[in-house]
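# Summary of structural features
One-letter residues, chain by chain:
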Amino acid sequence: MRNIDNIYIDGRFVAPHGTETADLFNPSTQERIGTVILGDLSDARDAIAAAKRAFPAFSRSGKSERIQMLESLSAAVSARSAELTQAMAEEYGAPQYFTGFAVANAASAFLHMAQVLGNYEFTRRIGNAEVRMQPIGIAAAITPWNSNYGFICSKLAAAIAAGTTIVIKPSEMSAIQTQLLTECLHEGGLPKGVFNIVNGRGDVVGAEFSRHPDIAKVTFTGSTAVGKEILRAGADTMKRVTLELGGKGPNIILDDADLNNVIATVLGMGLVNSGQACVAGTRILVPESRIDEALERLKHEITQFKTGLPTDPDVRVGPMVSEKQYERVQSYIRLGLEEGADLVAGGLGRPEGLTRGWFSRPTIFTNVRNDMRIAREEIFGPVLSVITYRDDEDAIRIANDTDYGLQAYLHGKDMARLNDIASRLDSGRVVINGAPHEPLAPFGGFKQSGIGREFGEFGLEGFLEPKAILSPIAQ
Ligand code: NAD
C-alpha cells in the first residue's frame, strides 16, 4: 500500500492542508493499492502564490538557462524510466508497448522544447514596431489519467521554454505516478516555485486554478464537458486557454487500399492506449464495395489484439482505468446493441480467461449509422464502429459530420488522392497510412475537440503574448 501524503509547492514536498483522501487501484486486479491525500483550496492558493513569487525572476531568465533546465529535467525523468514504467503499469494498467512510448515521450518532451527554444526568435521587426513575445503570466495545467507523464511533461516543458511559472493539477487517479514523476522533476534542480504540483479534485483544485485572478492561462487536457466549464470559469478574468479535448476520429479506408495490410494499422489506431485515447480512430469508414472483405479481415485481425495484464509483452489492450470507466464502456456496448448495430467481434463482459480486472472485450460494431450515439459520442474504450460510404465525397461528409475534429486517419495507395482528402477533413491532424507521430508538429483539435495547439513552436507560443513596441521612423 502506498500513501501519497504530500504535494509539491515552492520547491518542497509538503503535507497538504486538505484532509480528504481518495483510494488508488490496480485496474488489472481491482485491488486497492494506495491512498492519496487531496489538496484543498488553501493548497491550490499556496501553489499559485509560490508560482507568483517565482514569476518575476524566472520570466527574465535567458534562453540558454532555460535550455539547460529542460535538459536537466529530461535527464532526471530518463534516469528513473524503469520505475516510472512500473508505476504506470500498476496504477494505470497500460500494455508494455504503450508504457514504453509514454515514458520515453515524457522525457523527450523537454528535449523537443529545448530544440524549439534554441531556434525561436522572441523578437521580430514589423515596420516601425519591434514585436516581443513575452511570457504570458502564471499558467495552470490540468491533466487527465490516460497518459499522466506525457501531459504533465509537455505542458511543463512549454511553460519553462516560454519563461512562465506553472501550477499543475494532475488526475487524482494517477497519484502514484505523479509522486514518482514529481520526485524526478525535483531532481531537475529548478528554482523554487517555477513549477508546483497539487493532487486534488477537479471541482476543488482544478476549479480554483480555472478562476483564480492570478492565473493568466489554463492549459487543459481532458473531456469536452470539463473543458467548457474551464472556459466559462476563466471568462471573468479573460484567461487564455489551450483546451485539448475529446475525439471521435474517422479511420478511413479508401477503395484502393490493400486490406491484407491496412486492417492491422486501422485497428492499431482504433485501439491505441486500450481505446482510452482522445486520438483513437474509432469510426472505421469502409467503401460499400469492399465491406464483406473488410469485415472478414477485421474479424481475423482483432484476434491479434490480446487483452490482458501489463506483465505480458504480447498484450495490446489493457484494462479500463477504473470501475466507472469499465461500466461506461459496457453501457456503450449495450447501447450499440439497442441501437441496432451488429457485433463483428467482442461484446459485453470480460474477455475469456480474465476473471478479474476492469477488462472490456475489444469490440467492433457493423451496420452503424453515423447518427447513432455510438458513432457520435466518445466512448473512451476499445469499442469501434464500422460505417459504410459510397464514394470519396460521402466519406468526407461522414468524417466531418461530428462535433469533434482532433485526429483523422486515411489508408490508401494514391498519395495525391490521400492528400486531397486530407485537405478537406476538419481535423487538427490527419495521419496518412499509419505515419509516425511528429512531436514538433502542432497538436490540437477543430470544433469541440478544443482550442489552441500544443507541441513545437505553436505550443511554445501558447505561453507567450505578443507585445508591439512602436518607435518613430528615423528621419
Ligand atoms: P476529465 O475531463 O474528467 O478530467 C480531466 C482533469 O480535469 C482531471 O484532472 C480532473 O480532476 C479535472 N477536472 C474535473 N472537473 C474539473 C472542473 N470542474 N474544473 C477544473 N478541472 C476539473 O477527463 P478524464 O476522464 O480525466 O480524461 C478523459 C478525457 O480526456 C476524454 O474525454 C479524452 O478525450 C480527453 N483527452 C483529451 C486529449 C487531447 O489531447 N485532446 C488527450 C487525452 C485525453
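Residues numbered from 1 in each chain as written. Predicted model: local features only at pLDDT ≥ 70, side-chain atom pairs only at ≥ 80, totals over all residues. Heavy atoms only, no water.

### Details of the sheet that holds strand 6 (residues 123-126)
Backbone-to-backbone hydrogen bonds join strands into a sheet, with any given pair of strands oriented parallel or antiparallel. We apply this condition: At least two DSSP bridges between two strands are required for those strands to pair. Strands here are runs of E lasting at least two residues and helices are runs of H or I lasting at least four, both read from the DSSP assignment and numbered beginning at the N terminus. Angular values range over 0 to 180 degrees, each being the angle between N-to-C directions of two axes fitted as lines to C-alpha atoms, with helices fitted over their stretch in contact.
Spatial ordering of the open sheet is given by 6-7-21, a layout of three strands whose pairing is antiparallel. The strands lining the two open edges of the sheet, one partner per strand, are strand 6 and strand 21 (464-470). Strand after strand, the sheet turns through a mean of 30 degrees between neighbouring axes, direction not considered. Pairing between strand 6 and strand 7 (residues 129-135): four bridges, direction antiparallel. Among the inter-strand pairings, Arg125 is bridged to a residue of strand 7, identified as Glu130.

### Description of the packing of helix 2 (residues 63-79) against helix 4 (residues 96-119)
Note the following rule: The labels follow the angle: roughly parallel below 35 degrees, roughly antiparallel above 145, roughly perpendicular from 65 to 115, and oblique for the rest. Crossings are sorted by hand: turned counterclockwise from the far helix by less than a right angle, the near helix makes the crossing left-handed, and turned clockwise it makes it right-handed. We call two residues contacting when some pair of their heavy atoms lies within 4.5 Å. Polarity classes work like this: nonpolar for Ala, Val, Leu, Ile, Met, Phe, Trp, Tyr, Cys and Pro, charged for Asp, Glu, Lys and Arg, and polar for all others, with Gly in that last group.
As a packed pair, helix 2 and helix 4 sit with axes 7 Å apart at the nearest point and diverge in direction by 165 degrees. Regarding the angle of helix 2 to helix 4, the classification is roughly antiparallel. When the axes of helix 2 and helix 4 are compared, the crossing they make is left-handed. Mapping the contact onto sequence places Lys63, Arg66, Ile67, Leu70, Glu71, Leu73, Ser74, Val77 and Ser78 in helix 2 and Ala107, Ser108, Phe110, Leu111, Met113, Ala114, Leu117, Gly118 and Asn119 in helix 4. For the contact of helix 2 with helix 4, the residue count by class is ten nonpolar, five polar and three charged.

### Brief notes about helix 2
Put simply, the rule is: Any helix carries an expected span of 1.5 Å times its number of residues minus one. Accessibility here uses a 1.4 Å probe with only protein chains present; expressed as a share of the type maximum, an area under 20% marks a residue as buried, one over 50% as exposed, and anything in between as partly exposed.
Compared with an ideal rise of 1.5 Å per residue, which puts 17 residues at 24 Å, helix 2 spans 24 Å between its outermost C-alpha atoms and is within 8% of the ideal. Within the span of helix 2, buried status applies to Arg66, Ile67, Met69, Leu70, Leu73, Ser74, Ala76 and Val77. Its buried side turned inward, helix 2 meets helix 1 (41-59), helix 3 (81-92), helix 4, helix 5 (148-162) and helix 6 (175-187).

### Quick look at the environment of Ala49
Relative to the elements of secondary structure, Ala49 occurs in helix 1. A C-alpha to C-alpha distance of 9.4 Å links Ala49 and Ile9, two positions 40 residues apart in sequence.

### Considering the site of the ligand
Applied cut-off: Residues are classed as near a molecule or strand on a simple rule: at least one heavy atom within 4 Å of it. In protein, a polar contact requires one atom able to donate a hydrogen and another able to accept it; more generally it is a pair of N or O atoms within 3.5 Å, and residues adjacent in sequence count only if both atoms are side-chain atoms. Here the Shrake-Rupley method, with its probe set to 1.4 Å, supplies the accessible areas, and only the displayed protein chains count as covering residues. Start and end points for every domain follow an automatic or database-based domain assignment.
The ligand sits among 29 residues. The nearest are Thr143, Ser223, Leu245, Cys278 and Glu378. A distance of 3.0 Å separates an oxygen atom of the ligand from a polar side-chain atom of Lys169. Its free accessible area being 850 Å², the ligand has 88% of it covered by the protein chains. Contributing elements (two or more residues each) for the shell around the ligand: helix 7 (202-211), strand 11 (217-221) and helix 8 (224-235). For the shell around the ligand, the element with the most residues is helix 7, which contributes four residues. Its residues placed into classes, the shell around the ligand shows 14 nonpolar, ten polar and five charged. Taken domain by domain, the makeup of the shell around the ligand includes at least three residues from each of domain 1 (2-245 + 448-469) and domain 2 (250-439).

### Considerations on the packing of helix 2 against helix 6
Packing of helix 2 against helix 6 leaves a shortest axis separation of 8 Å and a crossing angle of 135 degrees. As summarised for this structure, helix 2 and helix 6 are arranged oblique, according to the angle between their axes. By crossing handedness, the relation of helix 2 to helix 6 is classed as right-handed. Facing helix 2, whose interface residues are Leu73, Ala76 and Val77, helix 6 presents Leu181, Cys184, Leu185 and Glu187. Residue composition of the contact of helix 2 with helix 6, by class: six nonpolar, no polar and one charged.

### Looking at the domain arrangement of the protein chain
Stated precisely, the cut-off is as follows: Put simply, buried area is how much 1.4 Å-probe accessible surface two parts lose in total, over both of them, once they are put together. Basic side-chain nitrogens of Lys or Arg form a salt bridge, by our definition, when they fall within 4 Å of a carboxyl oxygen of Asp or Glu.
Under the domain assignment used here, the protein chain contains domain 1 (2-245 + 448-469) and domain 2 (250-439). Domain 1 and domain 2 are separated by 30 Å when their C-alpha centres are compared. If you look at the interface, domain 1 gives 27 residues, while domain 2 gives 35 residues. Between domain 1 and domain 2 lies a buried interface of about 2,500 Å² when both sides are counted; carbon and sulfur atoms form 57% of it. Run the count over domain 1 and domain 2 and you get one salt bridge.

### Topic: the sheet that holds strand 16 (residues 363-366)
Taken in spatial order, the seven strands of this open sheet run 15-16-17-14-13-18-19, and their pairing is mixed. Two strands in the sheet have a free side with no partner beyond their single neighbour: strand 15 (342-345) and strand 19 (429-432). In this sheet, neighbouring strand axes are inclined to one another by 25 degrees on average, regardless of whether the strands run parallel or antiparallel. Where strand 14 (residues 283-287) meets strand 17 (residues 383-389), five bridges bridge the pair, whose relative direction is parallel. Note on strand 17: the bridge partner recorded for Ile284 is Val386. Strands in contact with helix 9 (residues 259-270) are strand 13 (250-253), strand 14, strand 16, strand 17 and strand 18 (407-411); relative to strand 13, the strand with the most contacts, it is inclined by about 180 degrees.

### Some remarks on the packing of aromatic side chains
Definition in use: Pairs were defined over the aromatic rings of Phe, Tyr and Trp, the Trp ring being its six-membered one, requiring ring centres within 6.5 Å. Orientation was assigned from the angle between planes: stacked under 30 degrees, edge-to-face over 60, tilted for the rest. Our definition puts a charge over a ring when NZ of Lys or CZ of Arg is within 6 Å of the ring centre and also within 35 degrees of the ring normal.
Applying the stated criterion to the full structure yields nine aromatic pairs. Three or more aromatic residues joined by ring pairs form one cluster here, namely Tyr8, Phe13 and Phe195. The ring of Phe463 has Lys217 lying over it, and the distance from NZ or CZ to the ring centre is 5.0 Å. One Lys or Arg, Arg316, reaches over the ring of Tyr97 and ends 5.4 Å from the middle of that ring.

### A closer look at the environment of Tyr409
Within the element layout of this structure, Tyr409 appears in strand 18. Residues Tyr409 and Ala435 lie 26 residues apart in sequence; the distance between their C-alpha atoms is 9.3 Å. Setting aside its immediate chain neighbours within four residues, Tyr409 contacts Pro250, Asn251, Ile252, Met269, Val279, Ala280, Gly281 and Val431. Engagement of the side chain of Tyr409 in a polar contact is seen with the side chain of Gln407, the distance being 2.9 Å.

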